[in-house]
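What follows is the residue order along each chain.
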Amino acid sequence: MRMTVKEVSEISGVSIRALHHYDHIGLLPATQLTDAGYRLYDDTALERLQHILLFRELEFPLREIKEILDSPDFDSSRALEQQIRLLELRREHLQNLIDLARGIKAIGVKKMSFEAFDTKKIDEYAVQAKASWGRTDAYKEYEEKAAGRSKEENQKLGVEMMDIFRKFGEIRDREPDSAEAIALAKELQEYITENFYACTDEILLSLGGMYAGGGDFTANIDKVGGEGTAVFAHRAIEALVASQKK
């Protein structure tokens, strides 16, 4: 059975205009074009659309989604596991908001607490998912390098990388675009490239956002370098990338 673009739009909630765009960029090609030029979609196309919507939930750009789905290494089962986990985190977040609202309704606002609005766990999981799917080539290179190392070697790399953040902490009272801060950001980029995967400016910026985004990443960096180190490192990374674009 094949469905028209209008029918696909109705069952998926994706607008006809968006489906046309997906077809135009090769993200979701129509299975068939009728003699009159109408798009038709089969079950395989609908399954691909489900995966597209899955990665859109993880806030992936359309270009990256296409690269992932077209990759011969794409694992649909693993992708679904990630989606399930993300939905579980969002359900937990919504339940916290519901409990907060009920409490306010029942007794009024007695204590100003904003913990229920915290989305750090969701954001952190999305970042981790992007690390495994959004940078396909980089993650594959990471897995290949990690497979050839012992547990002790991996621990040593972790210590060395945290030592770079310790050095960030030592100068965190300076401007993030200072020569020292930019040099450390460059050292970090080169260290990641040498030991994990090719760390492009784009990837480095994503990592910087992860470092300063809260949760375990930020806590661990600040534990080594002092409070504010993760945010300082992120700003130094931004300064480095800006300088390298000149």
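Scroll up a little and you will see the structure.
Just so it is clear, the structure is predicted and the values come from calculations on it, not from any experiment.

Caption draft 1: Seen up close, the sheet that holds strand E2 (residues 32-33). Here 3 strands make up an open sheet; going across it, the order is E1-E3-E2 and the pairing antiparallel. On the outer flanks of this sheet lie strand E1 (3-4) and E2, each paired with one strand and no other. Pairing analysis gives 2 bridges linking E1 to strand E3 (residues 39-41), with the strands arranged antiparallel. If you follow Met3 over to E3, its bridge partner there is Tyr41.

Caption draft 2: Representation of the environment of Ala30. Relative to the elements of secondary structure, Ala30 occurs in the loop between helix H2 (16-24) and E2. Spatially, the C-alpha atoms of Ala30 and Leu40 are 5.7 Å apart, while their sequence positions differ by 10 residues.

Caption draft 3: Expanded view of the packing of helix H8 (residues 151-170) against helix H9 (residues 179-195). The geometry of H8 relative to H9 is characterised by a closest axis approach of 10 Å and an angle of 170 degrees between their N-to-C directions. As the angle between them shows, H8 and H9 are arranged roughly antiparallel. Residues Leu157, Glu160, Met161, Ile164, Phe165, Lys167 and Phe168 of H8 lie in contact with H9, whose contacting residues are Ala181, Leu184, Ala185, Glu187, Leu188, Tyr191, Ile192 and Asn195. Of the residues that constitute the contact of H8 with H9, the class distribution is 11 nonpolar, 1 polar and 3 charged.

Caption draft 4: Up close: the packing of aromatic side chains. Evaluated as defined, the whole model comprises 4 aromatic pairs. An aromatic cluster is present here, built from Phe165, Phe168, Tyr211 and Phe232 joined pairwise through their rings.

Caption draft 5: Fine view of the nonpolar core. Core analysis: the largest hydrophobic core is formed by 28 residues, its most contacted members being Met161, Phe165, Phe168, Leu188, Ile192, Leu207 and Tyr211. At the level of secondary structure, the elements contributing two or more residues to this core comprise H8, H9, helix H10 (201-211) and helix H12 (229-244). Examining the composition of this core, we find that 7 residues originate from one element, H12, more than from any other. Beyond its immediate stretch of four places on either side in the chain, Leu207 contacts Ile192, Tyr197 and Cys199.

Caption draft 6: Local environment of the packing of helix H1 (residues 5-12) against H2. Orientation of H1 relative to H2, taken along the N-to-C sense of each, is 115 degrees, at an axis distance of 9 Å. What the angle tells us is that H1 and H2 run roughly perpendicular. As for the relative orientation of H1 and H2, their crossing is right-handed in sense. Contact with H1, carried on its side by Val5, Lys6, Val8 and Ser9, involves Ile16, Leu19 and His20 of H2 and no other residues of that element. Its residues placed into classes, the contact of H1 with H2 shows 4 nonpolar, 2 polar and 1 charged.

How each quantity is defined
Residues numbered from 1 in each chain as written. Predicted model: local features only at pLDDT ≥ 70, side-chain atom pairs only at ≥ 80, totals over all residues. Heavy atoms only, no water. Pairing = 2+ DSSP bridges. Helix = DSSP H or I, 4+ residues; strand = E, 2+ residues; numbered from the N terminus. Axes fitted to C-alpha atoms, helices over the stretch in contact; angles between N-to-C directions. Parallel < 35°, antiparallel > 145°, perpendicular 65-115°, else oblique. Contact = heavy atoms within 4.5 Å. Nonpolar A, V, L, I, M, F, W, Y, C, P; charged D, E, K, R; others polar. Phe/Tyr/Trp six-rings, centres within 6.5 Å; stacked < 30°, edge-to-face > 60°. Core = buried A, V, L, I, M, F, W, Y, C linked by side-chain atoms within 4.5 Å. Buried < 20%, exposed > 50% of the residue type's maximum accessible area, 1.4 Å probe, protein only. Left-handed = near helix turned anticlockwise from the far one by under 90°.

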